[in-house]
Amino acid sequence: MNRTTVAMLAALEALITVAIGIGISLVPLTILWAVDAGFSVDWTLFWQGSVDIWLLSNGVDIEVTLPSAVVAGTGLAAAADPFFVTIAPLALTACTVLMGARAGIRASATRYWQTAVAAGLGTVLLLNALISVSSVGETLRPSLAQALILPGAVYGLGLAIGVLRGMHRIPAGNGGAVGRLLSGVQDRFDERFDRFDRAVAGAALRGGLAAATGILGVSAVLLALLVLINFGLITSLYQGAQLGIVGGAATTLAQIAFVPNLVVWTASWLVGPGFALGAGSAISPVSTVVGPVPGLPILGAVPSGTFAFGFLGLLVPVLVGYFAAVLLRPRLVWVLGARSLVRRLLVTAAGMGLVAGVLLGLLAWFSAGAIGPGRLAVVGPNPWLVGLFTTIEVGVAAAIGMASGSSRPSSTPDVSPLRTADRVR
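Residues numbered from 1 in each chain as written. Predicted model: local features only at pLDDT ≥ 70, side-chain atom pairs only at ≥ 80, totals over all residues. Heavy atoms only, no water.

This next bit is on the overall build of the chain. Looking only at helices and strands, the chain has 16 helices and seven strands in total. Pairs at least 24 residues apart make up 77% of the contacts formed inside the chain by residues separated by at least 6 positions. About 21400 Å² of surface is accessible on the chain, with carbon and sulfur atoms providing 71% of the total. (Helix = DSSP H or I, 4+ residues; strand = E, 2+ residues; numbered from the N terminus. Contact = heavy atoms within 4.5 Å. Areas by Shrake-Rupley, 256 points an atom, 1.4 Å probe, with all protein chains shown as cover.)

This is how it looks when you write it as structure tokens:
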């Protein structure tokens, strides 16, 4: 393909990404406009709402100014003043990043990957500049400064991941500038650190990522169980809201968009700090203090009351960190041999805790935000506490796991999980 074709295809992929991001909410809202409103309401309001949802998923803050009639119906004095909604539906955010990564992988397979990246990123920035202006209304006003930058940054993150992943598979001589850059960085890293340090760093990174993934996996299962256990309450909340078929379907889609947020909140509950559903509230393994919450049916799965054995949830990150270390230890011991084995194993355990803490702390930060006026400006976990608790729990458990077993390297190691380059060097 020539340069023009590559640029056009990259721009088309970016256009599809934006169209899907807006269409996910625009399609059900349009059906709601046709069925419930009977075409009597201005459709541009639904367009603006869909664009605002897309921008919100990309980290753009939305300023909300409710009409006086709506404020009177809510009974909240704080709703009379403009407030911000800042919580991002992470399912839509992940969709944008994944589509950007796919575009980046395809771009890396061409000679003109720089043109593809520039065309895709430029298309997203141009489209967001146009739709952001059209989304400004009397009720919802996105931050135009953020809208011009953040959606492109999210899509650009996906592009960067895809390009780096694609270039990593290509030999340095055929990978262009990025391939040579990656090869140069790898060579400098290999020169600065010996194979023992590289083995420790690699094990810490893999172990921390595995621990964070394990905690999130258990959190997803626990969230599903809570939904099943409280299914009757969730159904009654649907019935009490009297949303109708179309409104119920739209509400369900909106809740699905926030499922990743809820998984991260569940993980913060298992780690210990828990999360908040408004200022002054706290949902944690040891205590639950909940005030008035939004009437979303999915929030019926939030545990209430005090659990006598809630502290058992803290065993999840400990067990996950322990088993991750136990699984990594034999391969690491074989690489390290007897040279400073104890010290390097402890460093690996500390690194696992740090990696897991940083990952879950960032996810906690991304999942939190404001969803309304007054006390609803504080919703979600505290990222600093989540990161700190995860680092300590996974790090200590990993140290115990690294201390388990024999200190003598195996004579017949499993060679598949280890990099061949590490053994050669």
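Continuing now.
Our next topic: the nonpolar core. Counting 31 residues, the largest nonpolar core has Val85, Ile215, Trp265, Phe275, Leu277 and Leu360 as the members making the most contacts within it. At the level of secondary structure, the elements contributing two or more residues to this core comprise β1 (62–64), β2 (83–85), α9 (195–229), α12 (259–271), α13 (315–336), α14 (341–367) and α15 (383–403). The element best represented in this core is α12, accounting for eight residues. Among residues more than four places away in sequence, those in contact with Leu360 are Ala212, Ile215, Leu216, Val271, Val386 and Thr390. Counting residues in hydrophobic clusters, the runner-up holds 16 residues, among them Ala324, Leu341, Leu345 and Ala349. (Core = buried A, V, L, I, M, F, W, Y, C linked by side-chain atoms within 4.5 Å. Buried < 20%, exposed > 50% of the residue type's maximum accessible area, 1.4 Å probe, protein only.)

What follows concerns the sheet that holds β1. Backbone-to-backbone hydrogen bonds join strands into a sheet, with any given pair of strands oriented parallel or antiparallel. Spatially, three strands are ordered β2-β1-β3 in an open sheet, and the strand pairing comes out antiparallel. Taken across any chain shown, the strands that pair with only one partner, and hence form the sheet edges, are β2 and β3 (140–142). Neighbouring strand axes in the sheet, compared pairwise and without regard to direction, differ in orientation by 35° on average. Sheet analysis places β1 next to β2, joined by three bridges and oriented antiparallel. In the sheet register, Val64 faces β2, and the bridge partner there is Phe83. (Pairing = 2+ DSSP bridges. Axes fitted to C-alpha atoms, helices over the stretch in contact; angles between N-to-C directions.)

Tracing the backbone through its elements, the reader meets Ala204 in helix α9. The buried category is assigned to Ala204, whose relative accessible area is 8%. Distance in space between the C-alpha atoms of Ala204 and Ala349 is 6.7 Å, their sequence separation being 145 residues. Here Ala204 is in contact with Thr348, Gly351, Met352 and Val355, once residues within four sequence places are set aside.

Residues Met1, Leu9, Leu12, Leu15, Ile16, Ile20 and Ile24 make up a contiguous nonpolar surface patch of about 610 Å² in total accessible area. Tracing the backbone shows Leu15 in helix α1 (residues 3–35). (Patch = residues over 30% accessible without salt bridge, like charges linked within 9 Å, V, L, I, M, F, W, Y side chains within 5 Å. Salt bridge = Lys/Arg side-chain N within 4 Å of Asp/Glu carboxyl O.)

Moving on: the environment of Ile87. Within the fold, Ile87 resides in the loop between β2 and α4 (90–108). Using a relative accessible area of 4% as the deciding quantity, one classes Ile87 as buried. Measuring from C-alpha to C-alpha, the distance between Ile87 and Ser57 comes to 7.9 Å, with 30 residues separating the pair along the chain. Excluding its chain neighbours within four sequence positions, the residues that come into contact with Ile87 are Leu56, Phe258, Asn261, Trp265, Ser367, Ala368, Gly369, Ala370, Ile371 and Val379.

Everything listed here is a matter of geometry and, on its own, says nothing about what the molecule does.
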